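# Structural description and commentary
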Amino acid sequence: MTFREAAQRVVDEGIAPTMSHQRISQLYKTDEDFPPVQTIGRAKVLDWKIAKTYFVAHAAKAASRDSRRRQRETDES
């Protein structure tokens with residue numbers, strides 16, 4: 001799938017509250033652990049089965065740095 005489709009899927013599956021194709025492109029360029037990417041025409045594509053694991057781990061790291069992204073374990077009533 002394209003970076004744009006992957007960004008939408010990250011949000012749709014609740015992996016992260018937001019994600020853009022630009023952010024995925026930035027991660028691709030800067031993160032040596034980013035999953036393998038192929039180029040088809042002008043589009044960069046990746047295998048979602050592999051990429052999902054990466055994005056889940058990436059979201060967990062982001063949540064550890066940002067309290068707004070942490071999952072709430074209990075309702076505070």
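Before any of the text, the structure's been laid out above.
Figured I'd write up the structure that's included with this text. Fair warning: this is a prediction, and the values are worked out from it, not measured in the lab. (Residues numbered from 1 in each chain as written. Predicted model: local features only at pLDDT ≥ 70, side-chain atom pairs only at ≥ 80, totals over all residues. Heavy atoms only, no water.)

What follows is about the overall build of the protein chain. The number of helices and strands found in the protein chain is three helices and two strands. If you list the helices and strands of the protein chain from N to C, you get α-α-β-β-α. Counting over 77 residues, the protein chain shows a buried share of 30%. Long-range contacts, defined here as pairs at least 24 residues apart, represent 45% of the contacts in the protein chain between residues at least 6 apart. (Helix = DSSP H or I, 4+ residues; strand = E, 2+ residues; numbered from the N terminus. Buried < 20%, exposed > 50% of the residue type's maximum accessible area, 1.4 Å probe, protein only. Contact = heavy atoms within 4.5 Å.)

Looking now at the packing of helix H2 (residues 21-30) against helix H3 (residues 48-65). Where H2 contacts H3, the two axes come as close as 13 Å, and the packing angle between them is 95°. As summarised for this structure, H2 and H3 are arranged roughly perpendicular, according to the angle between their axes. Touching Arg23, Ile24 and Leu27 of H2 are Tyr54, Phe55 and His58, all from H3. (Axes fitted to C-alpha atoms, helices over the stretch in contact; angles between N-to-C directions. Parallel < 35°, antiparallel > 145°, perpendicular 65-115°, else oblique.)

Right, let's talk about the side chain of histidine 58 for a bit. Tracing the sequence through the fold places histidine 58 in helix H3. Contacts of histidine 58, omitting those with residues within four sequence positions, involve Arg23 and Leu27.

This part covers the pattern of salt bridges. Tallied over the full model, the rule gives two salt bridges. Arginine 9 is the salt-bridge partner of glutamate 13, the closest N and O atoms lying 3.0 Å from each other. Given the relative accessible area of 34%, glutamate 13 is considered partly exposed. Judged by relative accessible area, arginine 9 falls into the partly exposed class, the value being 33%. Here lysine 52 and glutamate 13 are joined by a salt bridge, their closest N and O atoms 3.1 Å apart. (Salt bridge = Lys/Arg side-chain N within 4 Å of Asp/Glu carboxyl O.)

Below, the discussion takes up the packing of aromatic side chains. Taken as a whole and judged by the stated rule, the model has seven aromatic pairs. Their ring planes at 70° and their centres at 5.1 Å tell us that phenylalanine 34 and tyrosine 54 sit as a pair that is edge-to-face. Of this pair, phenylalanine 34 sits in the loop between H2 and strand E1 (38-40) while tyrosine 54 sits in helix H3, and the two are 20 residues apart along the sequence. Overall, tyrosine 54 belongs to the buried group, its relative accessible area being 11%. Taken together, the ring pairs connect Phe3, Tyr28, Phe34, Trp48, Tyr54 and Phe55 into an aromatic cluster. (Phe/Tyr/Trp six-rings, centres within 6.5 Å; stacked < 30°, edge-to-face > 60°.)

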